[in-house]
Amino acid sequence: MTPSEMKNAILHHLVYTLGKDVSTAHIYDWRMALSFAVRDQIVDPWFGATRRSYAGKLKRVYYLSMEFLIGRLLKDAIINLRLEDAALGAMNDLGLNYEQILEDEPDAALGNGGLGRLAACFMESMSTLACPAMGYGIRYEHGLFRQRFEDGRQVEEPEDWLNQRHAWEFERPEVAIDIGFGGHVQEIGKRANWYPSEMLIAMGHDTPVIGWKGRWGNTLRLWEARPMHGFDLQRFNRGDYAAAAEPEALARTLSRVLYPDDTTEQGKELRLKQEFFFTAASLRDILRRFESEYNDLKRLPQKAAIQMNDTHPAIAGPELVRLLHDERGMDFEEAVGIARNTLSYTNHTLLPEALERWDEGLMGRLLPRHLQLIYRINELHMKDTGSRKVTAVEDGHVKMGELSFIMAHKVNGVSALHTDLMKKTVFKDLHEQHPTRIVNETNGVTPRRWLLSCNPRLSSLITETIGEGWVDNLEQLERLEPHIKDSSFLERFAAAKRANKVDLARWFADDLKISVDPESIFDVQIKRIHEYKRQHMNLLETIAHWLEIRDNPNAGWVPRVKIFGGKAAPGYVFAKEIVRLTNDVAKVLNSDPLTSRYLKVVYPPNYNVSLAERLIPAADLSEQISTAGKEASGTGNMKFALNGALTIGTLDGANVEIRDLVKAENFFLFGMTAEEVMERRKDSGHAAEAIAKDSRLARAIETVRSGRFSPEEPGRYHGIADNLTHHDYFMVCSDFTDFWRAQREVDGAFGKPNWTCMAAYNTARSGWFSSDRTIRGYMADIWNAAPAPEVEDAAE
Ligand code: 26V
């Protein structure tokens, strides 16, 4: 497409789709017109992919996920369709600012963090690999809350991305599926009919997901909850206006909000309803499609692979059994076998408080037939294994991890260490009973968004050096290695990083009114705020560093900017205190005339996918400092390494694999191993001992306790200080001394010529972390799926 063709397409949509004249168009109108012009280019390859899936009778992958953290889509589509020149040219011609138009798009935050972003990367990789697939989730009216700071405190505001028309989705009113809750069960022999007492409708909305060069396009189908019976006109006519609208409002509640807590399972009824709603709608849709093509249900596992992203869609097990057994008359044991061979399950956390368990009473009330089937599935499993050691129902609760495991033919962890720990801890007994079921698929990230699109400077340098094959074959980055000896390559590598830092510094100045020196180390920790991720350890180190600079301001300190980003779950008190402390520390440090040249703290509010795209390319140092054994994988860690940031990190999650690949000398390792953590926890005095041994740590904690950062309320941080001194479950104190050492090693290495070599090695050796590699692994080890044959580029 030429710029002038693009311009005509934009003007056409401006006038005929949006009904706007050039002279009155706002930035919104232009952005929508550009989006529609780009979307037009997606439709043909997308339809083509669907046609070929049917024509070739290809096996389809169904990715069921409660969250898809997709972020903005316009630039992604432009990049994958190679329309940058056309779009930029058209914008310039129309006198519009391209960057500003891209920024106008709301960031679709239909997820909490890592799990949801992984699902979005997977969707893009499945399209790039021409793996016939469909993502299924919920079309939340309100995604993850927007975060604001008020006196340093986190304030949550509703996120309203759907206030504007969503340019990328196609409404599918004809894809409307009845979903029931409650009611009673009528048993007929071993089978049963379920008569729900409450009904609503799941309506589909389809977003095309286009792969690299437009070769293939899959669909993300998100369900919206609609009332079965809309507005009650008779009530309205009687003057009962609010009641007339009630059923509608009630039904819609189901897809209203994303639950914002990914750390503590609370067993909320609405959450279980959401889970069943989207899972049941997806399964019915999948079976409808299967039955339109095949008439033998036994072939389901050959033609469909259904992936459960964590336990949130775990009700898929019993629901699929119900559809096969109750509704289609298949023998129960056979139905379980078919369902199991179709289903697989990914575990994303071992934290006990995040593992889903549903109260049996609640489950029996909302899903009476499913609870009966869960009992039978459980009994069958005990019979098959000849052991009563494992049970999915215990102490009045249904344990969704166990249920998912029992109903899946493969169960996977998301990094080597995490998979290993799954076998040794949470799923130990199940692993002994089914020793081949657990497999590892280490996470990955899409290089289209997380390098090509977010870091154009580094991408151009890479393409100029090794050609552009790396974009869909990321391991080609290895070809950069010989150039790491070449001083002109290194200079250009460093210049790209520096220019990214200058851009970020300008944004800090303009948007946050904080000036930072781009010569400083840009030290970044961005992720959800959680005790196990240890933002407070990073803060203590910052405080200790600050005190040391104050003691001796002229000692030639290496300047640093500590950058934090992340949201705390609204009900997570400790995490919210960390948020506030971060802001309070920033206030004090940034205005300290003795030290602010050397140390600043920046905490931009509302961390989201778009902000990550801005921060990661400008990072020198990536903070991956979780207590060993607690971070299942991490994916931010991969994005940083790929963009030439060095990691300071523990042996946790995928850090282990990153360090193996980029080599130990290009990674700042510190801290206890997972085994050492477990060992040390047995010593109840671990925190006190660590504090007694490290005067810097003691002073930092005392400074927090003293109210130095909250003079108007000196007791504000007693909670944090007490937790650290007496409890410290996540071993901040015990790891602090080694963390400090590693940070000073960073100071020593930064600015030396070798730093750029180390950074470049990180980029060159991170190719394995492409989500294309991960998806190939799922296709081979779990889904038994193949890419569509003979796929050609649509774009050039
Ligand atoms: C749990 C719950 C509990 C019930 C309420 C809502 C909710 C929402 C999400 C979750 C699961 C959180 C698990 C999670 O996000 N794990 C992260 O998954 C990433 C992708 O595999 C991985 O990189 C991170 O290490 C892991 O923390």
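The rules we used
Residues numbered from 1 in each chain as written. Predicted model: local features only at pLDDT ≥ 70, side-chain atom pairs only at ≥ 80, totals over all residues. Heavy atoms only, no water. UniProt positions renumbered as here; feature names shortened; annotations may be inferred. Pairing = 2+ DSSP bridges. Helix = DSSP H or I, 4+ residues; strand = E, 2+ residues; numbered from the N terminus. Axes fitted to C-alpha atoms, helices over the stretch in contact; angles between N-to-C directions. Contact = heavy atoms within 4.5 Å. Salt bridge = Lys/Arg side-chain N within 4 Å of Asp/Glu carboxyl O. Buried < 20%, exposed > 50% of the residue type's maximum accessible area, 1.4 Å probe, protein only. Near = heavy atom within 4 Å. Polar contact = N/O pair within 3.5 Å; in protein donor to acceptor, adjacent residues only side chain to side chain. Areas by Shrake-Rupley, 256 points an atom, 1.4 Å probe, with all protein chains shown as cover. Nonpolar A, V, L, I, M, F, W, Y, C, P; charged D, E, K, R; others polar. Phe/Tyr/Trp six-rings, centres within 6.5 Å; stacked < 30°, edge-to-face > 60°. Right-handed = clockwise from strand over helix to strand, strands pointing away.

Under an unreviewed UniProt entry, the name given to the protein chain is Alpha-1,4 glucan phosphorylase, and the source organism is Tropicimonas isoalkanivorans. The UniProt entry for the protein chain carries this comment under Subcellular location (unreviewed entry): "Cytoplasm". Under Catalytic activity (unreviewed entry), UniProt gives the following word-for-word description of the protein chain: "[(1->4)-alpha-D-glucosyl](n) + phosphate = [(1->4)-alpha-D-glucosyl](n-1) + alpha-D-glucose 1-phosphate".

(A) Here's a closer look at the sheet that holds strand β11 (residues 217-227). The mixed open sheet is built from nine strands, whose spatial order is β7-β10-β11-β4-β1-β12-β13-β17-β18. Edge positions in the sheet fall to β7 (170-181) and β18 (438-440), since each of these pairs with one other strand and no more. Across this sheet, the average inter-strand angle for adjacent strands is 25°, counted without regard to direction. Here strand β10 (residues 198-210) pairs with β11 via eleven bridges, running antiparallel. Each bridged residue has a counterpart across the sheet, and for Ile201 the counterpart in β11 is Arg226. The strands touched by helix α12 (residues 332-342) within the sheet are β12 (304-309) and β13 (343-346), with β13 carrying the most contacts at an inclination of about 50°.

(B) Layout of the pattern of salt bridges. Here the structure, examined in full by the defined rule, presents 74 salt bridges. With a closest N to O distance of 4.0 Å, Arg72 and Glu103 form a salt bridge. Here Arg72 is found in the loop between β2 (68-71) and α3 (74-80), whereas its partner Glu103 is found in helix α5 (residues 98-103), with 31 residues between them in sequence. The exposure class assigned to Arg72 is partly exposed, which follows from its relative accessible area of 22%. Classification of Glu103 by relative accessible area gives partly exposed; the value is 40%. Glu402 serves as the salt-bridge partner of Lys399, at 3.8 Å between the closest nitrogen and oxygen. Classification of Lys399 as buried rests on a relative accessible area of 13%. One salt-bridge network, in which partners are shared between bridges, spans Asp523, Glu541, Arg560, Lys562, Glu623, Arg744 and Asp747.

(C) Quick look at the UniProt feature "modified residue: N6-(pyridoxal phosphate)lysine" (unreviewed entry) in the protein chain. UniProt's feature table lists "modified residue: N6-(pyridoxal phosphate)lysine" (unreviewed entry) at Lys639, given in the numbering used throughout. With respect to the helices and strands, the residue Lys639 is situated in helix α24 (residues 636-642). If we skip the residues at most four places from it in the chain, Lys639 touches Arg117, Val445, Trp450 and Ile616.

(D) Structural detail: the environment of Ala167. With respect to the helices, strands and loops of the structure, Ala167 is situated in the loop between β6 (153-157) and β7. Spatially, the C-alpha atom of Ala167 lies 9.3 Å from that of Glu105, the residues being 62 residues apart in sequence. Residues in contact with Ala167, not counting those within four places in the same chain, are Met32, Ser35, Phe36 and Arg39.

(E) Layout of the site of the ligand. For the ligand, the set of nearby residues contains 18 residues, the closest of which are Asp261, His348, Asn443, Glu631 and Gly634. In the model, an oxygen atom of the ligand is placed 2.6 Å from a nitrogen or oxygen of the His348 side chain. Side-chain polar atom of Tyr532 to an oxygen atom of the ligand: 3.3 Å apart, as the coordinates give it. Isolated, the ligand exposes 600 Å² of accessible area, and the fraction of that covered by the protein chains is 94%. In the shell around the ligand, the residues fall into five nonpolar, seven polar and six charged.

(F) Region of the structure containing the pairing of strand β9 (residues 191-195). Along β9, the buried face is formed by Ala192 and Trp194; none of Arg191, Asn193 and Tyr195, which line the opposite face, is buried. Pairing of strand β8 (residues 184-188) with β9, which is carried by five bridges, proceeds in the antiparallel orientation. The residue of β9 that forms the bridge with His184 is Tyr195. Taking the residues between adjacent antiparallel strands as the criterion, β8 and β9 are bridged by two residues, where Gly189 takes a positive phi near 65°.

(G) Representation of the packing of aromatic side chains. Summed over the entire model, instances satisfying the criterion amount to 21 aromatic pairs. Taking the centre distance of 6.1 Å and the plane angle of 65° together, the rings of Trp194 and Phe276 count as edge-to-face. Highlighted residues: Trp194 in strand β9 and Phe276 in helix α9 (residues 269-293), separated in sequence by 82 residues. The exposure class assigned to Trp194 is buried, which follows from its relative accessible area of 13%. Between the aromatic rings of Tyr345 and Phe427, the centroid separation amounts to 6.3 Å while the plane-to-plane angle is 85°, which identifies the pairing as edge-to-face. One end of the pair, Tyr345, is in strand β13; the other, Phe427, is in the loop between α16 (416-424) and α17 (428-433), with 82 residues separating them in the sequence. With respect to class, Tyr345 is no different from Phe427; both count as buried. The structure contains a cluster of three or more aromatic residues connected by ring pairs, namely Tyr63, Phe122, Tyr778 and Trp783.

(H) Fine view of the pairing of strand β19 (residues 521-526). Taken across its six residues, β19 has six buried, putting it largely inside the fold. Pairing of β19 with strand β20 (residues 560-565), which is carried by six bridges, proceeds in the parallel orientation. When the bridges of β20 are listed, Ile521 appears paired with Arg560. Between the parallel pair β19 and β20, the chain is carried across by helix α21 (residues 535-551), and the sense of this crossover is right-handed. For β19 and strand β22 (residues 621-624), the ladder comprises two bridges, and the chain directions are parallel. Residue pairing in the sheet places Asp523 in a bridge with Leu621 of β22.

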